[in-house]
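# Examining the three-dimensional arrangement
Chain by chain, the residues run as shown.
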Amino acid sequence: MPSIVQPDVNLIWSNCLGIIKEHVNQQSFKTWFEPIRPIKLENTVLTIQVPSQFFYEWLEEHYVGLLSKTIRRELGSDARLEYRIVMENSTTNANTGGPFTINMPAKKNNNSNYSNSKFSDSKKNKKSNVKNKSEDDSIRNPFVIPGIKTMNIDSQLNPNYTFDTYVEGECNQLARSAGVAVANNPGGTAFNPLVLYGGVGLGKTHLAQAIGNYAKNNYENVKILYVSSEKFTNQFIDAVKDNAIPEFIVFYQMVDILIVDDVQFFADKDRTQDIFFHVFNHLHQSGKQIILTSDRPPKDLKGMEERLISRFKWGLTTDLQVPDFETRMAILEKKMYAEGIELPREVVEYTAYFVNTNIRELEGALIALLAQGSLMKQEVDVALAKKILKNFINNSAKNISINFIQKTVSGHTGISMEQLVGKSRKREIVQSRQISMYFAKQFTESSLKNIGREFGGRDHSTVIHACQTVSNLMDTDSDFQQTVFEIEKQLKMNQ
Ligand code: ADP
Ligand code: MG
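Everything numeric in this text was worked out from a predicted model, so none of it was measured. Each chain has its residues counted from 1, following the order in which its sequence is written. By the order in which they are written, chains take letters starting at A while ligands take numbers starting at 1. For a predicted model such as this one, the threshold for reporting local features is a pLDDT of at least 70, and the threshold for listing and counting side-chain atom pairs is 80 or more; totals across whole chains, interfaces and linings nevertheless cover every residue. Hydrogens and waters are ignored; side-chain quantities use all the structure's heavy atoms.

The next point concerns helix H19 (residues 460-476). The periodicity of an α-helix, 3.6 residues per turn, causes residues three or four positions apart to be oriented the same way. Between its terminal C-alpha atoms H19 stretches 25 Å, which fits the 24 Å expected from 17 residues at 1.5 Å a residue. Residues of H19 that are buried include every one of His 460, Val 463, Ile 464, Ala 466, Cys 467, Thr 469, Val 470 and Met 474, and no others. By the criteria applied, helices consist of DSSP H or I runs no shorter than four residues and strands consist of E runs no shorter than two, each listed in order from the N terminus. Helix span, expected: 1.5 Å multiplied by one less than the number of residues in the helix. Exposure categories follow from relative accessible area, calculated using a 1.4 Å probe and restricted to protein chains: below 20% of the type maximum is buried, above 50% is exposed, and the middle band is partly exposed.

For side chains of opposite charge, pairing can occur when their charged atoms come near one another. Salt-bridge detection follows one rule: a side-chain nitrogen of Lys or Arg within 4 Å of a carboxyl oxygen of Asp or Glu. Counted by the stated rule, this structure contains 10 salt bridges. Residues Asp 274 and Arg 307 are paired through a salt bridge, measuring 2.3 Å at the closest nitrogen-oxygen approach. Within this pair, whereas Asp 274 is found in helix H9 (residues 270-285), its partner Arg 307 is found in helix H10 (residues 306-312), the two being separated by 33 residues in sequence. Given the relative accessible area of 33%, Asp 274 is considered partly exposed.

Nearness is defined per residue: one heavy atom within 4 Å of the molecule or strand is enough. Around ligand 1 sit 18 residues in total, of which Gly 201, Thr 205, His 206, Arg 360 and Glu 363 are the nearest. Definition of a polar contact: a pair of N or O atoms within 3.5 Å, with one able to donate and the other able to accept a hydrogen when the atoms are protein atoms, and with sequence-neighbouring residues admitted only if both atoms are side-chain atoms. With respect to ligand 1, the backbone of Gly 201 contributes an N or O atom lying 2.7 Å from an oxygen atom. Its free accessible area being 560 Å², ligand 1 has 94% of it covered by the protein chains. Elements supplying a minimum of two residues to the shell around ligand 1: helix H6 (204-218), helix H11 (325-339) and helix H13 (359-375). In the scheme used here, Gly and all other residues not listed as nonpolar or charged are polar, with Ala, Val, Leu, Ile, Met, Phe, Trp, Tyr, Cys and Pro taken as nonpolar and Asp, Glu, Lys and Arg as charged. Taken together, the residues that form the shell around ligand 1 break down as seven nonpolar, seven polar and four charged. As annotated, the domain borders come from an automatic or database domain assignment. Built from parts of two domains, the shell around ligand 1 gets at least three residues from each of domain 2 (154-320) and domain 3 (325-391). All accessible-area figures derive from a Shrake-Rupley calculation using a 1.4 Å probe, and residue coverage is judged against the displayed protein chains alone.

Cis rather than trans, the peptide bond between Asn 192 and Pro 193 has omega equal to 5 degrees. Notably, Asp 268 is not glycine yet its phi reads approximately 65 degrees, a positive angle. The residue Asp 268 is located in the loop between strand S7 (257-261) and H9 in this model.

The next subject is the environment of Thr 205. On the secondary structure map, Thr 205 appears in helix H6. Along the backbone, Thr 205 and Val 260 are 55 residues apart, and their C-alpha atoms lie at a distance of 9.4 Å. Of note is the side chain of Thr 205, whose polar atom sits 2.7 Å from the side chain of Asp 261.

When two rings of Phe, Tyr or Trp (its six-membered ring) have centres within 6.5 Å they constitute a pair, described as stacked for plane angles under 30 degrees, edge-to-face for angles over 60, and tilted for the intermediate range. This model, assessed by the stated rule, comprises 26 aromatic pairs. Taken together through their ring pairs, the aromatic side chains of Phe 232, Phe 236, Phe 248, Phe 251, Tyr 252, Phe 266, Phe 276, Phe 280, Phe 312 and Trp 314 make up a single cluster. Positioned above the aromatic ring of Phe 277 is the side chain of Arg 307, whose terminal nitrogen or guanidinium carbon lies 3.8 Å from the ring centre. Look at NZ for Lys and CZ for Arg. If either is within 6 Å of the ring centre and within 35 degrees of the ring normal, a charge sits over the ring.

Time to look at helix H7 (residues 229-241). Look at H7: 18 Å from first C-alpha to last across 13 residues, which is about the 18 Å you get at 1.5 Å a residue. Where H7 is concerned, the buried positions are Ser 229, Phe 232, Thr 233, Gln 235, Phe 236 and Ala 239. Each buried residue of H7 sits inside an arc of 165 degrees when the element is viewed along its axis, so together they form one side. Any two residues whose heavy atoms approach within 4.5 Å are treated as being in contact. Of the surrounding elements, those touching the buried residues of H7 are strand S6 (224-228), helix H8 (245-253), S7 and H9. Where H7 terminates, the next one or two residues include Asn 243, which has phi positive at roughly 55 degrees. What the arc covers is the set of directions going from the helix axis to the C-beta atoms.

The next subject is the sheet that holds strand S9 (residues 316-319). Here, strands pair whenever DSSP counts at least two bridges between them. Spatial ordering of the open sheet is given by S6-S7-S8-S5-S9, a layout of five strands whose pairing is parallel. Only two strands of the sheet have a single partner each, and these edge strands are S6 and S9. Across the sheet, the mean angle from the axis of one strand to that of its neighbour is 15 degrees, orientation sign disregarded. When strand S5 (residues 194-197) meets S9, the two strands line up parallel, connected through four bridges. Bridged to Leu 194 within S9 is Leu 316. The convention used is that axes are lines fitted to C-alpha atoms, helices contributing only their stretch in contact, and that angles between N-to-C directions extend from 0 to 180 degrees. In the packing of H7 onto the sheet, contacts are made with S6 and S7, and the angle to S6 comes to roughly 90 degrees.

Put into structure tokens, the structure is as follows:
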């Protein structure tokens, strides 16, 4: 056979990346493909290096189809992929073929930088369409202690809440883009008011303030004011006491960009709502920007006047959702980068994977890791992280053992423990086995490999297949779904 010149591994991989990039979103690409290093190409076997076991499993679970298609496109139908996994102190190979033990020095991958340069070189004095209004010395500023007169409106913004520090993800894409549009043209877009809603700790305050900070840093003579609805309410109560309602209204009507946080606290406060209604109308009519946040969509705001709710709907209402795993990783990495700290990739993955409620919790987890790590004068590894983060991980079902899952499923379906880990291919046995594997993946911290081992020495791809089958069936078969839910309930109750 004539000898064929072997193509360059880097070139091949870079072609692959080109294809992959078109099929996944930017964040996933950054998280899962940029850290991959092409190692070698032998005939049609491409070896890539990945930073951790978890990373490898994630690729196998989510991107195996895309990877193999891409590689076959580049290297022909015989193409095969092998992984090399960087462990803390060595590397091992993972593949669907035989065992390997190649040792390599430890290597960390922590060069991800998710900063968004668009906002980092903001220029001063950019022209805004927000007009400057002359100031009136006689107006009382409710933010100022009585007796001290000043009309410089302090924006009350936290300078750290910027777009730069706000990581973009699918969970906040629309809200963030709307925020950027509003920041670039306050009062001049259709997004007025801009209403950001979502659960606690999902970034409403940060995003609303990022708009304010952008305006503050880029436009001169623009009066920006951030106020929580509680503070607004208290100021109003004071104004009532002091017979100063007109001043209170006039003060708020001078603002060019008004940010009111957590408007749900206006509920049942009729007089405050009344005043806010006037302020809102005035600002809106004068082309001033209003930004509101709420913990629920306007239509679900109870105890709120209908006319206010209908005004909230005039502009754009958009929600912030719980960030997905990739975004949680990006947020952790960004915060670590900002603080100049490093944690092993596995610890970051562990944290991002299990602390999945909201971003405030995620930040809390990171702080706990750092604080306790330094307190114990010990480098934080996954074992220590597990201990430290116990309180943060809300799904206590994570402590369930595989054995317990098998017992529960067995009790529910009547398939014996021996059958669950045995060889039988009978349909109902396979199904119970797959449900057990699915829960093992969901409720334990075991790797796919370990789960496979606990089910009669099956390999990780069987586990992946089981998880996929179960979630597909749950989507299409409601009886099956019901069964799975019932087992889940039982697992959670009896743990
Ligand atoms: P909310 O107002 O919705 O309760 P916050 O805006 O106070 O939430 O956010 C909670 C914490 O999470 C803040 O410290 C904030 O800086 C951080 N945070 C929220 N969203 C992001 C994001 N997309 N990127 C980086 N940090 C974020
Ligand atoms: Mg908030």
